[in-house]
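What the coordinates show
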Amino acid sequence: MTRLVSLDSIDSGGVEALLDRAFGADRHLRTAYRVRRGTMPISPLSFAALDEEARLIGSIQSWPVALASDTGPLVPLVMVGPVAVEPAHQQAGIGRKLMHHMLDAADASALPGAEALMLIGDPEYYGRFFGFDSSRTGRWRMPGPFEPRRLLARGPAVPNCAGTLVPRLREAA
Ligand SMILES: CC(C)(COP(=O)(O)OP(=O)(O)OC[C@H]1O[C@@H](n2cnc3c(N)ncnc32)[C@H](O)[C@@H]1OP(=O)(O)O)[C@@H](O)C(=O)NCCC(=O)NCCS
């Protein structure tokens, strides 16, 4: 039986090693890492999945970012991801369990950006199971290369305007 706990209760070295196995050690070069550089994970929206023997088999992190719109104020967003599942445990529903747990926590929270989630990921997964789409992200810019079809968002407060994704550096995580 998989159990979900706060990511804060897990050794960070174990989480980093899991992310290396799921995404490769060069993952830090990805554009998503540049967008959130300098921020800390949002603790109430970041979780670990443990197996029966309390071994780490999955994780999800969320980060404080914002859209610096070309014409208006900074709009707070929550960047979701990476979502990672230990390769030997993939395709068993753990990724979905982690995402649904985070989405429920976001729905119940009043944190800045909780009603405007975004991520970079496969629409075939994040659209199909969780309702993320690229319908409002077409004019967003990021500090690095990305495929527009993989820039996804979800929630009633997602801004549909031109702007650049930036970290929210001064907020408590
Ligand atoms: C992507 C990931 C988080 C999914 O978690 P998981 O626990 O393995 O997947 P789940 O059991 O929740 O969901 C399985 C279903 O999602 C589908 N799926 C999984 N990853 C997918 C992807 N990248 N694109 C499309 N569909 C995907 C599977 O085909 C399966 O569909 P089915 O039920 O119709 O057979 C996990 O596989 C992972 O960590 N992968 C390595 C990192 C990675 O590639 N991440 C890319 C995310 S953009």
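Attention in this report is confined to the structure presented alongside it.

1. Considering the overall build of the protein chain
Within the protein chain one finds four helices and eight strands. Ordered by position in the sequence, the α and β elements of the protein chain form the string β-α-α-β-β-β-α-β-α-β-β-β. For 173 residues, the compact-globule estimate of 2.2 N^0.38 gives 16 Å, and the C-alpha radius of gyration of the protein chain, at 15 Å, lies within 12% of that figure. With 173 residues in all, the protein chain has 45% of them scored as buried.

2. With respect to the packing of helix α3 (residues 94-107) against helix α4 (residues 123-130)
For the pair α3 and α4, interaxial distance at closest approach is 11 Å and the crossing angle is 55°. As far as their axial angle goes, α4 and α3 are oblique. In this structure, the crossing between α3 and α4 has a hand that is right-handed. Here α3 contributes Gly95, Arg96, Met99, His100 and Leu103 to the contact with α4, which in turn contributes Tyr125, Tyr126, Phe129 and Phe130. Residues of the contact of α3 with α4, tallied by class, amount to six nonpolar, two polar and one charged.

3. Quick look at the pattern of salt bridges
For side chains bearing opposite charge, pairing can occur when the charged atoms are close. What the rule picks out here adds up to eight salt bridges. A salt bridge links Arg27 to Asp20; the nearest nitrogen and oxygen atoms lie 2.7 Å apart. You can call Arg27 buried: its relative accessible area is 2%. For Asp20, a relative accessible area of 31% translates into the label partly exposed. Where Glu53 meets Arg55, a salt bridge forms, and the shortest distance between an N and an O atom there is 3.2 Å. For Glu53, a relative accessible area of 58% translates into the label exposed. Sharing partners across several salt bridges, the network here consists of Glu16, Asp20 and Arg27.

4. Quick notes on unusual backbone geometry
Pro82 follows Gly81 through a cis peptide bond whose omega is 5°. Within the secondary structure, Pro82 sits in strand β4 (residues 74-85). Phi is positive for Ala54, which is not a glycine, with a value near 65°. Mapped onto the fold, Ala54 is located in the loop between β2 (47-50) and β3 (56-69). On the basis of relative accessible area, Ala54 is assigned to the partly exposed category, the value being 44%. The phi dihedral of Gln91 is positive, around 70°, even though this residue is not glycine. Along the chain, Gln91 falls in the loop between β4 and α3.

5. Section: α3
Over its 14 residues, α3 runs 20 Å from end to end, which matches the ideal 20 Å to within 8%, given 1.5 Å per residue. Buried residues of α3: Ile94, Gly95, Leu98, Met99, Met102, Leu103, Ala105 and Ala106, and no others.

6. Quick look at the side chain of Gln61
As for its position among the elements, Gln61 is in strand β3. In this structure, Gln61 is in contact with Leu7, Val15, Leu19, Pro41, Leu45, Ser46, Met79, Val80, Gly81 and Pro82, ignoring residues within four places of it in sequence.

Rules of the game
Residues numbered from 1 in each chain as written. Predicted model: local features only at pLDDT ≥ 70, side-chain atom pairs only at ≥ 80, totals over all residues. Heavy atoms only, no water. Helix = DSSP H or I, 4+ residues; strand = E, 2+ residues; numbered from the N terminus. Rg over C-alpha atoms; globule rule 2.2 N^0.38 Å. Buried < 20%, exposed > 50% of the residue type's maximum accessible area, 1.4 Å probe, protein only. Axes fitted to C-alpha atoms, helices over the stretch in contact; angles between N-to-C directions. Parallel < 35°, antiparallel > 145°, perpendicular 65-115°, else oblique. Left-handed = near helix turned anticlockwise from the far one by under 90°. Contact = heavy atoms within 4.5 Å. Nonpolar A, V, L, I, M, F, W, Y, C, P; charged D, E, K, R; others polar. Salt bridge = Lys/Arg side-chain N within 4 Å of Asp/Glu carboxyl O. Expected span 1.5 Å × (residues − 1).

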